[in-house]
Structure formats: structure tokens, C-alpha cells
Amino acid sequence: PFVTGYNVVKYIHRKYGILISPGTAYSTLYSMERRGLLKGELRDNKRIYYITNKGEEFIQAFTVNLNFIINFTSSLLDPNRIYFPIPNRNSAKKI
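Note that the structure is predicted; figures quoted are calculated from it, not measured. (Residues numbered from 1 in each chain as written. Predicted model: local features only at pLDDT ≥ 70, side-chain atom pairs only at ≥ 80, totals over all residues. Heavy atoms only, no water.)

## Topic: unusual backbone geometry
Next up, step 1: If you check the backbone angles, D44 has positive phi at about 50° while not being a glycine.
Next up, step 2: Judged by its relative accessible area of 69%, D44 falls in the exposed class.
Next up, step 3: Positive phi, close to 60°, is recorded for N45, a residue that is not glycine.
Next up, step 4: Take N45: it is sitting in the loop between β1 (38-43) and β2 (46-51). (Buried < 20%, exposed > 50% of the residue type's maximum accessible area, 1.4 Å probe, protein only. Helix = DSSP H or I, 4+ residues; strand = E, 2+ residues; numbered from the N terminus.)

## Thoughts on the confidence of the model for the chain
Next up, step 1: Model confidence for the chain is summarised by a mean pLDDT of 86, while 83% of its residues fall at 70 or above.
Next up, step 2: Across the chain, element-level confidence peaks in β1 with a mean pLDDT of 96 and bottoms out in helix α3 (residues 53-77) with 88. (pLDDT = per-residue confidence, 0-100.)

Okay, here's the thing in C-alpha cells:
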């Protein structure tokens, strides 16, 4: 699977009702490519992007951290419930 800047703009508009500029989408994709999270190539006069292994690892780490933040915040709002185990800081992977 791959994505183009146009696909990103269309997805964000459909899902969130926000219309971002193509310049914003392409500069973000290019930045992610420079960081090694995506691999871009030209196909049929379009720049398409694929996720890299490093990008997959980033998504996994981001998801774990996001879930931790959501659960931690929820526990602060409802102190009678425990939503999460405290993660082992040594097991966290830096990307």
C-alpha cells in the first residue's frame, strides 16, 4: 500500500472536515521521508510514499505512548478506576 499527498488531503478532509493545503501535506510527507519513516518514489508523474520499517516501529511506539497518556489522563479524572499498568521505562524504545 502507498499514499500520495492528494490521498492525505482527501482523507483528512473526509475524516475530520478540515481541508489542509497540498503544500502542508507534501511538506509533511517529505519531512517524514527525510526522517526515514516513509520511502518516496515517482510513479506515473506522481510521488508516492510507502511506510518503512522505521515508520512501522514509530507507529507502534507512538500508539503505546498515546494509549498510556489516554489511560493515565482517564485515571486522573476517575481515581476509583485503574486503567493501565505502569510501563517499564527500560523497555521503552527510542526512535
